[in-house]
Amino acid sequence: MRFEFSTATRIVFGPGVLREAGPAARQLGRHALVVTGDPPRRAEKLLDLLAAEGVTATVFAFAGEPTAEVVSTATARARGAGCDLVIGFGGGSRLDAAKAVSALLTNLGDLREYLEVIGRAEPLTQPAAPCLAIPTTAGTGAEVTRNAVLASPAHRIKVSLRSPLLLPRLALIDPELTYDLPPALTASTGLDALTQLIEPRVSCRANPLTDNLCAEGLRRVGRALGPAFHDGHNAAAREDMALASLLGGLALANAGLGAVHGFASPIGGMFPAPHGAVCAALLPHVMEANLRAARLRQPKGETRRNYATVARLLTGDTTATAEDGIRWVRALVAELQIPGLRTYGVGREHVAPLVEAAARASSMKANPLPLTADELADILLQSL
Ligand SMILES: [Zn+2]
């Protein structure tokens, strides 16, 4: 056995911990670039907390997904203002943008030099400027991952900036920030969290540390995602989901993902669809395909055992089988009103190019076992 584990330097979790953001920021810098959503109203409380500690703030708000242009513009703004700290406040897109800006503040040159696929994938060499990540959704775990997903509309793909140097200096997770998330966003982000706990748990790169993180997260999603969807102010359910999201981020950053995310990346680049909803539409079909492939090509049956463990954690039933787990996921996806991929414009004509792109995606390498092009095409057809 050999494994590595790395994460954010410091993690602070709990209802109300946002109020610690001011003093924590004060320890990391004097002038923060606050990367947040547009309109930036929701960050007002954070700005008050920073002001109370004498931390100057320059706000950079953007809507939609971060692109290379957004990150370059934000970096120029931060440099011009003399920022020595970057704070991401929002969902995964805001946090990823903040992480990318913190790295570019110290690693000079054009962002494209460091991007995979569309750039030269040069490694980042200088430690990033301190980054404080404060998620306001419960799903991506981006506060503890070491990549930043950026959209490239010109290429219709999403690419990652990847480096251990992207790990934030501080992840501050306050479940209270998720109380007002509308049900549709609770569903899509929560199902991303679920996927990011199942995929690392069955991954061929899993290790005992990540397995245990996934187990804790799966138990919590199992009991909390339905209740959080139906009643956003259910404090216990929101706390469970915020923690499950964090655990998923810790697990995926160290054990990788699988075929769901292998497909979600090219689909997200080509179609305007919420990442979590895409994952949810694919998830039961990927579980089925992996189980079928394992039956055919995995004599020791470790993948079947792993999926049975997932099923027991999600259902709380100690006799649940791998198939029961798939049924449970299917029922939850229906309860949370997640449509098929056709809703976002994906059709039969896109199957061949998406299979080709998914087969090359980095997440695919962590799938429990390699899937054939026919198996991948079948997953996509089932998910339409
Ligand atoms: Zn995801």
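Each remark here, short or long, concerns the structure printed above.
The written sequence of each chain sets the order in which its residues are numbered from 1. In keeping with the model being predicted, local features are shown solely for residues with a pLDDT of at least 70 and side-chain atom pairs are shown and tallied solely at 80 or more, while totals for entire chains, interfaces and linings include all residues. Derived side-chain values reflect all non-hydrogen atoms in the structure, with water molecules and hydrogen atoms excluded from consideration.

*Asks:* Give a detailed account of the overall build of the protein chain, specifying residues and quantitative values.
*Replies:* Under the DSSP-based scheme used, a helix requires at least four consecutive residues in state H or I and a strand at least two consecutive residues in state E, with every element numbered from the N terminus. From N to C terminus, the protein chain includes 13 helices and eight strands. Relative to the globule expectation of 21 Å for 384 residues, the C-alpha radius of gyration of the protein chain, 20 Å, shows essentially globular dimensions. Across its three principal directions, the C-alpha atoms of the protein chain cover 60 × 45 × 45 Å. Buried, partly exposed and exposed residues are distinguished by accessible area as a fraction of the type maximum, computed with a 1.4 Å probe on protein chains only: under 20%, between the cut-offs, and over 50%, respectively. Looking at the protein chain as a whole, 59% of its 384 residues qualify as buried. We call two residues in contact whenever any of their non-hydrogen atoms come within 4.5 Å of each other. The long-range share in the protein chain, meaning contacts at least 24 apart out of those at least 6 apart in sequence, stands at 78%. Each accessible area is a Shrake-Rupley estimate made with a 1.4 Å probe; only the visible protein chains count as cover when residues are assessed. Only carbon and sulfur atoms are counted for the fraction: they give 53% of the accessible area of the protein chain, which is about 15,500 Å². Under the convention used here, Asp and Glu are negative, Lys and Arg are positive, and both His and the chain ends fall outside the count. In this description, the location of a charge corresponds to atom NZ of lysine, CZ of arginine, CG of aspartate or CD of glutamate. Taking the average place of the 38 positive charges on the side chains of the protein chain and the average place of its 36 negative ones, the gap between the two points comes to 3 Å. Atoms considered for the radius of gyration are the C-alpha atoms alone. The globule rule reads 2.2 Å times the number of residues to the power 0.38.

*Asks:* So what's going on with the pattern of salt bridges? Which residues, and what values?
*Replies:* Within this document, salt bridges are pairs made up of a side-chain nitrogen of Lys or Arg and a carboxyl oxygen of Asp or Glu, the two lying within 4 Å of each other. Applying the stated criterion across every chain, the model contains 19 salt bridges. Of the charged contacts, one joins Arg 220 and Asp 240 as a salt bridge, the two residues approaching to 2.9 Å between their closest N and O atoms. In this pair, Arg 220 is assigned in helix 6 (residues 208–230) and Asp 240 in helix 7 (residues 235–255), connecting sequence segments 20 residues apart. Each member of the pair, Arg 220 as well as Asp 240, carries the same accessibility label: buried. Ionic contacts of the salt-bridge type, sharing partners, join the residues Glu 216, Arg 219, Arg 220, Arg 223 and Asp 240 into one network.

*Asks:* Describe in detail the coordination of the zinc ion, supporting the description with residues and values.
*Replies:* Any nitrogen, oxygen or sulfur atom within 2.8 Å of a metal ion counts as a donor, with the limit raised to 3.2 Å for Na, K and Ca, and since water is left out, coordination shells can look unfinished. Here the zinc ion is held by the protein donor atoms Asp 192 (OD), Gln 196 (OE1), His 261 (NE2) and His 275 (NE2), which lie 2.0 to 2.1 Å from it. Irregular is the label for any site that misses the other tests, which are tetrahedral for four donors with all angles between 85 and 135 degrees, and square planar for four donors or octahedral for six when opposite donors exceed 155 degrees and the remaining angles lie between 65 and 115. Each of the four donor atoms around the zinc ion contributes to a set of angles spanning 90 to 151°, which defines the coordination as irregular. Judged by its relative accessible area of 28%, His 275 falls in the partly exposed class.

*Asks:* I'd love a proper account of the sheet that holds strand 4 (residues 85–90), names of residues and values included.
*Replies:* Here, any two strands with at least 2 DSSP bridges between them count as paired. If you walk across this open sheet you meet the six strands as 1-8-5-4-2-3, and the pairing is parallel. Taken across any chain shown, the strands that pair with only one partner, and hence form the sheet edges, are strand 1 (10–13) and strand 3 (56–62). This sheet shows a mean twist of 15° between the axes of neighbouring strands, independent of strand direction. Alignment of strand 4 against strand 5 (residues 131–135), held across five bridges, turns out to be parallel. Counterpart to Ile 87 in the pairing with strand 5 is Leu 132. Each of strand 1, strand 4, strand 5 and strand 8 (170–173) is contacted by helix 1 (residues 21–28), which is oriented at about 160° to strand 5, the strand it contacts most. On the sheet, helix 4 (residues 92–106) packs against strand 2 (31–37), strand 3, strand 4 and strand 5 and is oriented at approximately 170° with respect to strand 4. Whenever a helix is involved, its axis is fitted only over the stretch in contact; in every case the axis is a line through C-alpha atoms, and angles between N-to-C directions fall within 0 to 180 degrees.

*Asks:* I'd like a description of the nonpolar core, backed by residues and values.
*Replies:* Counting residues in each nonpolar core, the largest one holds 75 residues, and the members touching the most others are Leu 194, Ile 198, Ile 267, Leu 282 and Leu 341. By residue number, the principal contributor to this core is helix 9 (residues 275–297), which donates 12 residues. Once you skip the residues sitting within four places of it in the chain, Ile 198 turns out to touch Leu 218, Leu 283, Met 287, Tyr 307, Val 310, Leu 314 and Val 329. To form a nonpolar core, buried Ala, Val, Leu, Ile, Met, Phe, Trp, Tyr and Cys residues must be joined to one another through side-chain atoms within 4.5 Å. Phe 62, Ala 78, Ala 97 and Ala 100 belong to the second-largest nonpolar core, a separate cluster that totals 30 residues.

*Asks:* Now, about the packing of helix 6 against helix 10 (residues 302–315): what can you tell me, with residues and values included?
*Replies:* Two elements in contact, helix 6 and helix 10, have axes whose closest approach is 7 Å; the angle formed by their N-to-C orientations is 45°. By the angle class used here, helix 6 and helix 10 are oblique. Across from Ala 215, Leu 218, Arg 219 and Gly 222 in helix 6, the residues of helix 10 making contact are Val 310, Leu 313 and Leu 314. Each residue gets one label: Ala, Val, Leu, Ile, Met, Phe, Trp, Tyr, Cys and Pro are nonpolar, Asp, Glu, Lys and Arg are charged, and the others, such as Gly, are polar. Considering only residue class, the contact of helix 6 with helix 10 consists of five nonpolar, one polar and one charged. In these notes the angle categories are as follows: under 35 degrees is roughly parallel, over 145 is roughly antiparallel, 65 to 115 is roughly perpendicular, and the rest is oblique.

*Asks:* Quick rundown of helix 1? Include the residues and the values.
*Replies:* Within helix 1, the full set of buried residues consists of Ala 21, Gly 22, Ala 24, Ala 25 and Leu 28. Considered in projection along helix 1, the buried side chains sweep an arc of 165° and stay on one side of the axis. Buried residues in helix 1 make contact with strand 1, helix 2 (44–52), strand 4, strand 5 and strand 8. An arc is given here, and it is the one of the directions from the helix axis to the C-beta atoms.

*Asks:* How would you sum up the environment of Gly 262? Please name residues and give values.
*Replies:* Position of Gly 262 among the secondary structure elements: in helix 8 (residues 259–270). Considering only alpha carbons, one finds Gly 262 and Glu 20, 242 residues apart in sequence, at a separation of 37 Å. Contacts of Gly 262, omitting those with residues within four sequence positions, involve Ala 358, Ala 361, Ser 363 and Met 364.

*Asks:* So what's going on with the state of the cysteines? Residues and values would help.
*Replies:* When the sulfur atoms of two cysteines come within 2.5 Å, that pair is taken as a disulfide. Summed over all chains, the structure comprises zero disulfides. No disulfide involves Cys 214; its sulfur sits 14 Å from the nearest other cysteine sulfur, which is in Cys 204. Given the relative accessible area of 0%, Cys 214 is considered buried.

*Asks:* Describe the packing of aromatic side chains, naming the residues involved and giving the relevant values.
*Replies:* Any two aromatic rings considered together are summarised by their centre-to-centre distance and by the angle between their planes. Only centres within 6.5 Å qualify two rings of Phe, Tyr or Trp (six-membered ring in Trp) as a pair; their planes then separate them into stacked at under 30 degrees, edge-to-face at over 60, and tilted for everything else. In this structure the tally under the stated criterion is one aromatic pair. Its guanidinium or amino end placed over the ring of Phe 62, Arg 94 lies 4.3 Å from that ring's centre, counting from NZ or CZ. Criterion for a charge above a ring: Lys NZ or Arg CZ within 6 Å of the ring centre, and within 35 degrees of the ring normal. The side chain of Arg 156 reaches across the aromatic face of Phe 271, ending 6.0 Å from its centre.

This is a description of form; function is not addressed.
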